[in-house]
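# Analysis of the macromolecular model
The primary structure of each chain is shown beneath.
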Amino acid sequence: MNITKANGTAEYALIENLKKRAGETDEKIVEIVTSIINSVKEQGDEAVREYTARFDGGVPKKMIITKDELQSYLDDVDENFKSALINAKNNIFDFHSRQAQQSWMTTQENGVIMGQRVRGLKRVGIYVPGGTAAYPSSVLMNAIPAKIAGVEEIIMVTPPSKDGSANPDIMAAAAVAGVDKVFLVGGAQAVAALAYGTEKIPKVDKIVGPGNIFVATAKKLLYGVVDIDMVAGPSEILIVADKSAKSKFLAADLMSQAEHDKLASAILLTTSMDIAKATSKEIDRQLKYLERQEIIESSLDNFGEIIVCENLEQAIAFANELAPEHLEMCVEEPLKYIGMLDNAGSVFLGNFSPEPLGDYYAGPNHVLPTSGTARFFSPLSVDSFIKKSSFIYYTENELRKASDDIIKLADTEGLTAHANSIKVRFE
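Residues numbered from 1 in each chain as written. Predicted model: local features only at pLDDT ≥ 70, side-chain atom pairs only at ≥ 80, totals over all residues. Heavy atoms only, no water.

## Observations concerning the environment of alanine 100
Going by this rule: Helix and strand assignments come from DSSP, with helices taken as H or I runs of at least 4 residues and strands as E runs of at least 2, each series counted from the N terminus. Throughout, a residue-residue contact means that at least one pair of heavy atoms, one from each residue, lies within 4.5 Å.
By the secondary structure assignment, alanine 100 is in the loop between α5 (79-97) and β3 (104-107). Once residues lying within four places of it in the same chain are set aside, the contact partners of alanine 100 are Ile148 and Val382.

Structure representation (structure tokens):
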């Protein structure tokens, strides 16, 4: 990896390079996805079957898997995998259950009553990739917060295997997470079916979950017809390290994200040139033993960097500017810096809290804002699956007291019908 000394200019040029990854979607892809969306909207299941046959090589004989049938997959998977799923589920549930909000109401002495009602969405769709990018952990991370929020029904869509079967590991995760029904369909056609509904696939209120460029584009185009979690960009990791860090750990953690995608970024900020050089050597050594070597090399060559900073304050200022998806603090007394880390999707503190711990097991969600959007977006949470409405009750006497102020405000805005709505009650 390239090693750069921070000088107030060179390191910030890296941010501009990273921004290029999040460019506009190719017009041809938008055109293709728009055509798919329109076909599904107009022709429903017929269009879904046509695109499934075209893109997945055939339509599965059994496209729908019920909640009861999911249990059989859980019974058939490797026992150690099953145990790991359940342990991860318990951690994720424990963390997210603390996010649950309650409805509330306040009653004042003058008789005025106000409050807020919080409830889960009626139906949510979860997209889960298939093929080589099949991630059971994503099922847990998307479905469990929805369950805690009180979502009535969780519908999962996932592409069938080439032989038309379902991925057993994905189905097992769906059983553990409490998914209600699975449809073996993927791509933009699955997203469109969830957004508009077909005879077989029910319409949902929100679509969450990762997917390829066609899936991401479909979600983006259908936002407004249906809610979505976010339009995710390439994965990112930023590590801040001082001289106490272990170069072996740093190298491994950088490559754990670089293996996702050739567009993924992996950056190390360190106050030690010795650590910088040792980490670079460790990457070369460990890379030889990793399966996704070509992807990792491309990612690190184009979007990886080791930057040597004068002090931790300089490194943290850069981290806040970059607003990474994952931020590791491999420093002495990492807890000391929590209050300074303003912009990050998820923060990992200390040498024994590596990013994969969050991806799979610890409890916080791994669906995180990317491409600098951690400046204003939050991770997926129970809040992502609720809606709120307020309510107001005023007595006649209290409305009379407030009437002059309301009428004045309405008249100032030129909305005389608003003012009249108050006036007619006291004429």
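On we go from here.
## Examining the sheet that holds strand β13 (residues 326-330)
Backbone-to-backbone hydrogen bonds pair the strands of a sheet. The strands run either parallel or antiparallel. To keep it simple, the criterion reads: At least two DSSP bridges between two strands are needed for those strands to be called paired. Axis lines are fitted to C-alpha atoms, over the contacting stretch for helices. Their N-to-C directions set the angle, which ranges from 0 to 180 degrees.
Strand order in the open sheet formed by 6 strands is β1-β12-β11-β10-β13-β14, with parallel pairing between adjacent strands. Looking along the sheet, the strands with just one partner apiece sit at the ends: β1 (3-5) and β14 (346-349). The mean inter-strand angle of the sheet, taken between neighbouring strand axes irrespective of direction, is 20 degrees. Pairing of strand β10 (residues 236-241) with strand β11 (residues 265-270), which is carried by 6 bridges, proceeds in the parallel orientation. Looking across to β11, one finds that leucine 238 is bridged to isoleucine 267. Packed on one face of the sheet, helix α10 (residues 247-258) meets β10, β11 and β13 and runs near 165 degrees to β10.

## Considerations on a nonpolar patch on the surface
We apply this condition: Distance thresholds for patches are 9 Å for like charges and 5 Å for nonpolar side chains (Val, Leu, Ile, Met, Phe, Trp, Tyr), applied to residues having over 30% relative accessible area and no salt bridge. Note that accessible areas follow from Shrake-Rupley with a 1.4 Å probe, and for residues the cover is restricted to the protein chains shown. Salt bridge, as applied in this entry: a Lys or Arg side-chain nitrogen positioned within 4 Å of an Asp or Glu carboxyl oxygen.
There is a patch of nonpolar side chains on the surface, built from Leu357, Tyr360 and Tyr361 and spanning about 300 Å² of accessible area. Counting through the fold element by element, tyrosine 360 comes out in helix α14 (residues 355-360).

## Points about the layout of surface pockets
Stated formally: In the cavity and pocket records, a cavity denotes points on a 1 Å grid over the protein atoms alone where a 1.4 Å probe fits but cannot get out, a pocket denotes an open set with protein on both sides within 12 Å along at least 5 of 7 lines, and lining residues are residues with an atom within 4 Å of a point. Grid points are joined across faces, edges and corners, and a volume is the space filled by probe spheres set on the points. Gly is put with the polar residues, along with every residue not named as nonpolar or charged; the nonpolar set is Ala, Val, Leu, Ile, Met, Phe, Trp, Tyr, Cys and Pro, and the charged set is Asp, Glu, Lys and Arg.
Reported here for the second largest pocket is a volume of approximately 290 Å³. Taken together, 18 residues line the second largest pocket, and the ones lying closest to its centre are Ile15, Lys19, Leu322, Ser371 and Gly372. Looking at the lining of the second largest pocket, the elements that each hand over two or more residues are α1 (10-19), β10, β11 and α13 (312-322). Grouping the amino acids of the lining of the second largest pocket by side-chain chemistry returns 9 nonpolar, 3 polar and 6 charged.

## Focus on the side chain of serine 137
Position of serine 137 among the secondary structure elements: in helix α6 (residues 136-149). Those residues within four positions of serine 137 in sequence are excluded, and the remaining contacts are Asp359, Tyr360 and His366.

## Examining the pattern of salt bridges
Tallied over the entire structure, the rule returns 13 salt bridges. As a salt-bridge pair, lysine 206 and aspartate 227 come within 3.3 Å of each other at their nearest N and O atoms. Here aspartate 227 lies in strand β9 (residues 227-228) and lysine 206 lies in strand β8 (residues 206-208), a separation of 21 residues in the sequence. A cluster of three or more residues bridged by salt bridges with shared partners is formed by Lys67, Lys147 and Asp180.

## Examining the nonpolar core
Filter applied, for reference: Here, nonpolar core refers to any group of buried Ala, Val, Leu, Ile, Met, Phe, Trp, Tyr and Cys residues whose side-chain atoms link them within 4.5 Å. Accessible area is worked out with a 1.4 Å probe on protein chains only. A residue is then buried under 20% of its type maximum, exposed over 50%, and partly exposed in between.
One finds Val139, Leu140, Met156, Met171, Val179, Val182 and Phe385 to be the most contacted residues of the largest nonpolar core, which totals 42 residues. Listed by contribution, the elements that provide at least two residues to this core are α4 (67-76), α5, β5 (123-127), α6, β6 (153-157) and α7 (168-177). If you tally residues by element for this core, the top one is α6, at 8 residues. Setting aside its immediate chain neighbours within four residues, valine 139 contacts Val128, Ile144, Met156, Ile170, Ala173, Ala174, Ala177 and Val179. By size, the runner-up hydrophobic cluster in this structure holds 27 residues, among which are Ile29, Val33, Ala190 and Ala195.

## Side note on α7
Stated precisely, the cut-off is as follows: In the analysis that follows, any N or O atom pair within 3.5 Å is treated as a polar contact, provided that within protein one partner can donate a hydrogen and the other can accept it, and provided that, for residues neighboring in sequence, both atoms belong to side chains.
For α7, the buried fraction is high: 7 of the 10 residues fall into the buried class. Taken together, the buried positions of α7 are Ile170, Met171, Ala172, Ala173, Ala174, Val176 and Ala177. Looking at the buried positions of α7, the neighbouring elements they touch are β2 (64-66), α4, α5, α6, β6 and β7 (181-183). By the N-cap criterion, in which a side-chain oxygen at the helix start approaches the backbone nitrogen of a residue two or three places on, α7 is capped by asparagine 167, the distance to aspartate 169 being 2.9 Å. In the stretch just after α7, glycine 178 is the one whose phi turns positive, near 90 degrees.

## Describing unusual backbone geometry
One non-glycine residue, alanine 323, lies in the positive phi region at around 50 degrees. Of note, serine 371 is a non-glycine position whose phi angle comes to about 55 degrees, a positive value. Within the element layout of this structure, serine 371 appears in the loop between α14 and β15 (386-393).

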